[in-house]
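Here's the letter readout for the chains.
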Amino acid sequence: MELFNYKKSSDVLALSASFTDFTYKKHCHEEYAVGVTLRGIQQYHLDGHYQASHQNGVMLFNREQSHDGSSYDKAGIDYVMLYLKPEVVEDILGKKELRFSTPIVYDPQLARSILMLNHAVQSGQDEAKCSELLFSLVHLLSQSEIDTHIPGPLNGLVRKAKEMMFSRFDDILKLDDLCTEFNMSKFQFIREFKSHAGISPYQFFLNCKVEHARQAIENHKDVYSAVAECGFVDLTHLNRHFKRVFGVTAYEYMLQLN
């Protein structure tokens, strides 16, 4: 059985999930993602390294950090996750950003803070309450054994390539244009991009389209406008890719937000 419940406040997207056989396709998020494993063992590859979060494990994902995900065994897993907007985190920390150096920690206070905010968002509590809980959580993250730093430059090729892909996600990936920009062969570019980003150019580009579709659904509450805006062939095409990343179809996600 698969259960993915999404709820959104003004600054946080909260997920409560339970599944056995479902497997997340390799993807990344524009937001920070922090969560707690409530039952079972959640396994995933993060930047190519195997991770396993047991009960009460706090999972920490940096922005645009590629990962997949599944249950370790047929017993399945229950967990919660919060997606934190980078601009909100930087506002709370005074223009600093988070950088998680450890992917999984076992910190009861941090787990409790994540669970409190997830519950507040899922139960539709006042925005003021959610904002206070978010403020406390971000400061708790910054005060633990986790790095905070002023944003630094990305690898030049990856930064420029991402900018080019972000500007045209309503179209197909024009790999030839990217190769020409960097004076590389197709396979040189793919190898270089993947070595720094942890994900292939096509996977990253498709992920951009899905992420933007999610934002379009949140803004317009209309899956068909997301299909047109993000260059998907039809709703079935969007739903297929959306489910591999979020566990629900784009249409189901829209219904949960209404």
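It should be emphasised that the depicted structure is a prediction, and the values quoted were computed from it without experimental measurement.

## What to know about the side chain of His-67
Within the secondary structure, His-67 is located in strand S8 (residues 67–71). In this structure His-67 comes out as buried when scored by relative accessible area, which is 7%. Engagement of the side chain of His-67 in a polar contact is seen with the backbone oxygen of Gln-65, the distance being 3.0 Å. Contacts of His-67, omitting those with residues within four sequence positions, involve Lys-25, Lys-26, His-27, Cys-28, His-29, His-45, Leu-46 and Phe-61.

## Some remarks on the nonpolar core
Ranked by size, the top nonpolar core spans 38 residues in total, and within it Phe-4, Tyr-6, Leu-15, Tyr-79, Leu-238 and Phe-242 carry the most contacts. Once residues lying within four places of it in the same chain are set aside, the contact partners of Tyr-6 are Leu-13, Ala-14, Leu-15, Tyr-83, Phe-246, Val-248, Tyr-253 and Gln-256. Judged by nonpolar contacts, the second largest core, of 29 residues, contains Tyr-32, Val-88, Cys-130 and Leu-137.

## What about the packing of aromatic side chains?
This model, assessed by the stated rule, comprises 17 aromatic pairs. When the ring of Tyr-6 is compared with that of Tyr-253, the centres are 5.2 Å apart and the planes differ by 75 degrees; the resulting orientation is edge-to-face. A residue pair is termed long-range when its members are at least 10 positions apart, and Tyr-6 in strand S1 (residues 3–8) and Tyr-253 in helix H10 (residues 250–257) qualify at 247 residues. Accessibility expressed as a relative area gives 3% for Tyr-6, which makes it buried. Judged by its relative accessible area of 0%, Tyr-253 falls in the buried class. Within the aromatic cluster, the residues linked to one another by ring pairs are Phe-4, Phe-19, Phe-22, Tyr-24 and Tyr-79. Here the basic side chain of Lys-209 rests over the ring of Phe-232, its NZ or CZ set 5.0 Å away from the ring centre.

## Details of the sheet that holds strand S2 (residues 12–19)
Sheet strands associate in pairs through backbone hydrogen bonding, adopting either a parallel or an antiparallel arrangement. Taken in spatial order, the six strands make up an open sheet running S1-S2-S9-S4-S7-S11, and their pairing is antiparallel. Looking along the sheet, the strands with just one partner apiece sit at the ends: S1 and strand S11 (104–105). Running over the sheet, helix H2 (residues 108–122) touches S1, S2, strand S4 (32–39), strand S7 (58–61), strand S9 (77–84) and S11 and is turned about 100 degrees from S2.

## Some remarks on the state of the cysteines
Under the criterion given, the structure shown has zero disulfides. Distance from the sulfur of Cys-28, which forms no disulfide, to the nearest cysteine sulfur (Cys-208) is 6.9 Å.

## Digging into the pattern of salt bridges
Enumeration over the complete set of coordinates arrives at eight salt bridges. Among the charged side chains, a network of salt bridges with common partners joins Glu-31, Glu-211, Arg-214 and Glu-218.

## Some thoughts on the pairing of strand S6 (residues 49–53)
Where strand S5 (residues 42–46) lies against S6, five bridges are found, and the strand directions are antiparallel. Bridge assignment links His-45 to a residue of S6, and that residue is Tyr-50. Counting the residues that bridge the hairpin from S5 to S6 gives two residues, and of these Asp-47 lies at a positive phi of roughly 55 degrees.

## Regarding the packing of helix H4 (residues 156–166) against helix H6 (residues 186–197)
At a closest axis distance of 10 Å, the pairing of H4 and H6 adopts a crossing angle of 105 degrees. As the angle between them shows, H4 and H6 are arranged roughly perpendicular. Taken together, the residues of H6 that come into contact with H4 (itself represented by Leu-157, Val-158, Ala-161, Lys-162 and Met-165) are Phe-189, Glu-192, Phe-193, His-196 and Ala-197. When the residues that make up the contact of H4 with H6 are grouped by side-chain class, the tally is seven nonpolar, one polar and two charged.

Criteria and thresholds
- The residue count restarts for each chain, going from 1 along the sequence in the order it is written.
- Reporting of local features is limited, given that this is a predicted model, to residues whose pLDDT is at least 70; pairs of side-chain atoms are given and counted only at 80 or more, and all residues count toward the totals for whole chains, interfaces and linings.
- Computation of side-chain values: all heavy atoms of the structure, hydrogens and water removed.
- Numbering of helices and strands starts at the N terminus; helices are DSSP runs of H or I of at least 4 residues and strands are runs of E of at least 2.
- Working definition: with a 1.4 Å probe on protein chains only, accessible area under 20% of the residue-type maximum means buried, over 50% means exposed, and in between means partly exposed.
- The term polar contact refers here to a pair of N or O atoms within 3.5 Å; inside protein, the definition further demands a hydrogen-donor-capable atom paired with an acceptor-capable atom, and it admits residues adjacent in sequence only when both atoms are side-chain atoms.
- Whether two residues are in contact is decided by their heavy atoms, any of which lying within 4.5 Å being enough.
- We define a nonpolar core as any set of buried Ala, Val, Leu, Ile, Met, Phe, Trp, Tyr and Cys residues linked to one another through side-chain atoms lying within 4.5 Å.
- Any pair of Phe, Tyr and Trp rings, taking the six-membered ring for Trp, is counted once the centres come within 6.5 Å. Such a pair is stacked with planes under 30 degrees apart, edge-to-face with planes over 60 apart, and tilted for the rest.
- Any Lys NZ or Arg CZ that is within 6 Å of a ring centre and within 35 degrees of that ring's normal is treated as a charge sitting over the ring.
- By definition, two strands form a pair when at least two bridges between them are found by DSSP.
- The convention used is that axes are lines fitted to C-alpha atoms, helices contributing only their stretch in contact, and that angles between N-to-C directions extend from 0 to 180 degrees.
- Only a pair of cysteine sulfur atoms within 2.5 Å qualifies as a disulfide here.
- Between Lys or Arg on one side and Asp or Glu on the other, a salt bridge is scored when a side-chain nitrogen of the former is within 4 Å of a carboxyl oxygen of the latter.
- Roughly parallel means an angle under 35 degrees; roughly antiparallel means over 145; roughly perpendicular covers 65 to 115; every other angle is labelled oblique.
- Throughout this entry, Asp, Glu, Lys and Arg are counted as charged residues, while Ala, Val, Leu, Ile, Met, Phe, Trp, Tyr, Cys and Pro are counted as nonpolar. The remaining residues, Gly among them, count as polar.

By themselves, these figures tell us nothing about what the structure is for.
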